[in-house]
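# Examination of the molecular architecture
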Amino acid sequence: MVRVLAMFACVVCALCLQACRGTQERCTMQPRAEWAIVLHGGAGVIDKDTPPERVREYTDSLARALAVGIEMLESGRPALDAVEAVVMTLEDDEKFNAGRGAVFTAEGRNELDASIMDGATLRCGAVAGVTTVKNPVRLARRVMERTRHVLLSREGAEAFADSLGPDIARVEPSYFFTTRRWRVLEEVLKERGEPMPPLPKGASLSAGDAPPATQSVRDTRNATFGTVGCVALDRSGNLAAATSTGGMSGKRWARIGDSPIIGAGNYANNASCAVSGTGTGEEFIRHGVARDISDRMLYKGVSLNQAAREVVHGVLRPDDGGIIAVSRSGEIAMVFNSDGMFRAAADSTGRLEVGIWERPEMQSSGAR
Ligand code: ASP
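The text that follows walks through the structure, step by step, so that each part is easy to find. The residue count restarts for each chain, going from 1 along the sequence in the order it is written. Where local features are concerned, this predicted model is filtered to residues with pLDDT of at least 70; where side-chain atom pairs are given and counted, the filter is 80 or more; whole-chain, interface and lining totals use all residues. To get the side-chain values, all heavy atoms of the structure are used, and hydrogens and water are removed first.

## Description of the overall build of the protein chain
Helix numbers and strand numbers start at the N terminus; a helix is a DSSP run of H or I with at least 4 residues, a strand a run of E with at least 2. Across its full length, the protein chain carries 10 helices and 13 strands. Here the term buried applies to any residue with accessible area under 20% of the maximum for its type, exposed to any over 50%, and partly exposed to those in between, with areas from a 1.4 Å probe on protein chains only. Within the protein chain, the proportion of its 368 residues that are buried is 60%. Contacts are assigned to residue pairs that have any heavy atoms within 4.5 Å of one another. Considering only intrachain contacts with a sequence separation of at least 6, the fraction spanning at least 24 residues in the protein chain is 68%. Of the accessible surface of the protein chain, which amounts to about 14,100 Å², a share of 52% is contributed by carbon and sulfur atoms. Residue-level accessible areas treat just the shown protein chains as cover; the underlying method is Shrake-Rupley with a 1.4 Å probe.

## What about the pattern of salt bridges?
We count a salt bridge whenever a side-chain nitrogen from Lys or Arg sits within 4 Å of a carboxyl oxygen from Asp or Glu. Inspection of every chain in the model, using the stated rule, returns 29 salt bridges. Put simply, Arg-54 and Glu-57 hold a salt bridge, and the shortest N to O gap is 2.8 Å. You can see Arg-54 and its partner Glu-57 sitting in helix α3 (residues 52-74), three residues apart, about one turn around the helix. Judged by its relative accessible area of 9%, Arg-54 falls in the buried class. Taking the shortest distance from any N to any O, the salt bridge between Glu-158 and Arg-170 comes out at 3.1 Å. In this pair, Glu-158 is assigned in helix α6 (residues 154-163) and Arg-170 in the loop between α6 and α7 (179-192), connecting sequence segments 12 residues apart. By relative accessible area, which is 12% here, Glu-158 ends up buried.

## Let's talk about a negative patch on the surface
Together, Asp-47, Asp-49, Asp-319 and Asp-339 give the surface a local cluster of negative charge. Looking at the secondary structure, you find Asp-339 in the loop between β10 (332-336) and β11 (340-347). The patch calculation keeps residues exceeding 30% relative accessible area without a salt bridge and links them within 9 Å when they carry like charges or within 5 Å when they are nonpolar (Val, Leu, Ile, Met, Phe, Trp, Tyr). Asp and Glu count as negative and Lys and Arg as positive, but His and the ends of the chain are not part of the count. In plain terms, the charge of a residue is placed at NZ if it is Lys, CZ if Arg, CG if Asp and CD if Glu.

## Examining the pairing of strand β12 (residues 352-355)
Of the two faces of β12, the one lined by Leu-352 and Val-354 and the one lined by Glu-353 and Gly-355 are each fully buried. Pairing between β11 and β12: four bridges, direction antiparallel. Residue pairing in the sheet places Ala-346 in a bridge with Leu-352 of β12. A strand pair is defined by DSSP finding two or more bridges across the two strands. Between β11 and the antiparallel strand that follows it, β12, lie four residues; Gly-350 among them carries a positive phi value of about 110°. In the sheet, β12 pairs with strand β13 (residues 360-364) via four bridges, with the strands oriented antiparallel. Counterpart to Gly-355 in the pairing with β13 is Pro-360. Between the end of β12 and the start of β13, which pair antiparallel, lie four residues.

## Some thoughts on the packing of helix α5 (residues 136-146) against α6
Two numbers describe a pair of packed helices, the interaxial angle and the distance between the axes. Where α5 contacts α6, the axes come no closer than 11 Å and their chain directions differ by 75°. By the criterion of interaxial angle, the relationship of α5 to α6 is roughly perpendicular. On α6, the residues touching Leu-139, Arg-142, Val-143 and Arg-146 of α5 are Ala-157, Phe-160 and Ala-161. Of the residues that constitute the contact of α5 with α6, the class distribution is five nonpolar, no polar and two charged. Only the stretch in contact is used when fitting a helix axis, every axis being a line fitted to C-alpha atoms; angles between N-to-C directions are given from 0 to 180 degrees. An angle below 35 degrees is treated as roughly parallel, one above 145 as roughly antiparallel, one from 65 to 115 as roughly perpendicular, and anything else as oblique. Just so you know the grouping, Ala, Val, Leu, Ile, Met, Phe, Trp, Tyr, Cys and Pro go in nonpolar, Asp, Glu, Lys and Arg go in charged, and all remaining residues, Gly too, go in polar.

## Concerning the nonpolar core
We define the nonpolar core as a collection of buried residues of types Ala, Val, Leu, Ile, Met, Phe, Trp, Tyr and Cys that are connected through side-chain atoms lying within 4.5 Å of one another. Core analysis: the largest hydrophobic core is formed by 55 residues, its most contacted members being Ile-37, Leu-39, Leu-66, Ile-116 and Leu-139. Among the elements that line this core, the one with the most residues is α3, at nine residues. Counting 37 residues, the second-largest nonpolar core is a separate cluster that includes Tyr-267, Val-275, Ala-307 and Phe-336.

## Description of the sheet that holds strand β3 (residues 124-130)
An order of β4-β3-β2-β6-β5-β1-β11-β12-β13 is seen for the nine strands of this open sheet, with the pairing classed as mixed. Sheet topology places β4 (151-153) and β13 at the edges, where each strand pairs with a single neighbour. The average undirected angle you get between the axes of adjacent strands in this sheet is 5°. Here strand β5 (residues 228-233) pairs with strand β6 (residues 239-245) via six bridges, running antiparallel.

## A closer look at the site of the ligand
Near the ligand you find 12 residues, and of these Thr-227, Arg-255, Asp-258, Thr-278 and Gly-279 are the closest. Thr-227 has a polar side-chain atom sitting 2.7 Å from an oxygen atom of the ligand. Polar contacts, as used here, are pairs of N or O atoms within 3.5 Å; protein pairs need one atom able to donate a hydrogen and one able to accept it. Residues neighboring in sequence count only if both atoms are side-chain atoms. Asp-258 is positioned with one of its side-chain polar atoms (N or O) 2.6 Å from a nitrogen atom of the ligand. Expressed as a share of its isolated accessible area of 260 Å², the protein-covered part of the ligand is 100%. Looking at the shell around the ligand, its residues break down into two nonpolar, eight polar and two charged. Put simply, a residue is near a molecule or strand once any heavy atom of it comes within 4 Å of that molecule or strand.

## Some points on the sheet that holds strand β7 (residues 266-268)
Taken in spatial order, the four strands line up as β7-β8-β9-β10 in an open sheet, and their pairing is antiparallel. The sheet terminates laterally at β7 and β10, the two strands that pair on one side only. Ignoring strand direction, the axes of neighbouring strands in this sheet form an average angle of 10°. Taken together, the five bridges between strand β9 (residues 321-327) and β10 define a ladder with antiparallel strand orientation. Bridge assignment links Ile-323 to a residue of β10, and that residue is Val-335. Those strands touched by helix α9 (residues 289-300) are β7, β8 (273-279) and β9, and its axis lies near 145° from that of β8. Packing against the sheet, helix α10 (residues 304-314) makes contact with β8, β9 and β10, and its axis sits at approximately 15° to β10.

And the structure:
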């Protein structure tokens, strides 16, 4: 991991940067990638005045999670294993709205959604509304591998987790609690004129906890974002995608977003690409965003970046969010129509970058 992080210090290939400047597209002057990986940690209003040390905390977290995936793909492990491991790393990181650090429902609960898809077989699995599963993406993978179903929800998904024993780590619901997200719920409910629920059993507020970088008291809708996702292409040419979220702050009525909906917030198909989305889940479901990007590549014959731009900028509404994707040829896309998107990408040709706003915060190219 140290080696991978150290790569950020490498000299940038001036020629390549010249050719690719401002396009976010894979440089055609580079050799085709043998493996590639992209991750996101949510999109939305990300305050550009965030103190540099806070920005650094986020970019370090993204780089650490990316390093987990890079090491696996470099050593020939399957894309499916890499996307699961990266998403688990982000689920365990309380900065993101997935696993520990997830947002709260209006009743003060953490209800978690996740999905995973194998582009080689189109097998997929998902869970929605789980409250005691430490890493929902792992349970989603078990739904894919051990059942004939795609999506299990709430008590049913928990019962399935019970049946798997120690393979699925379980926690008390208070494990997911963070003061930061509780403060966001206070804002959301205050804006709606609704009372705050009691603190979850076993949870306690800590003083002076900074709000998440995605929080803006001016726009509590966007304060809820921070979903995580990862897509990868492995050395065998297989694609995979995984997405995990706590959903939207103040959600009610067992609301389920796009993250566990195959074709909406997550999709992988070896014939085209792997996609993970983040943003207003209802819009991603309405437009089948992840599947639409894949279909445009298949039916129109356009590049991944063109398909992604058409959908994110032409189908979704401004500020709805964004996507990360990788194609079967290793082309990488990171397209968003919000202020920013926490993201990171790498491939076997030496591309390595971490970004939040329009331009990457850190990058190197052609170094490997
Ligand atoms: N898409 C997620 C949802 O609607 C939220 C997010 O991406 O932050 O549940």
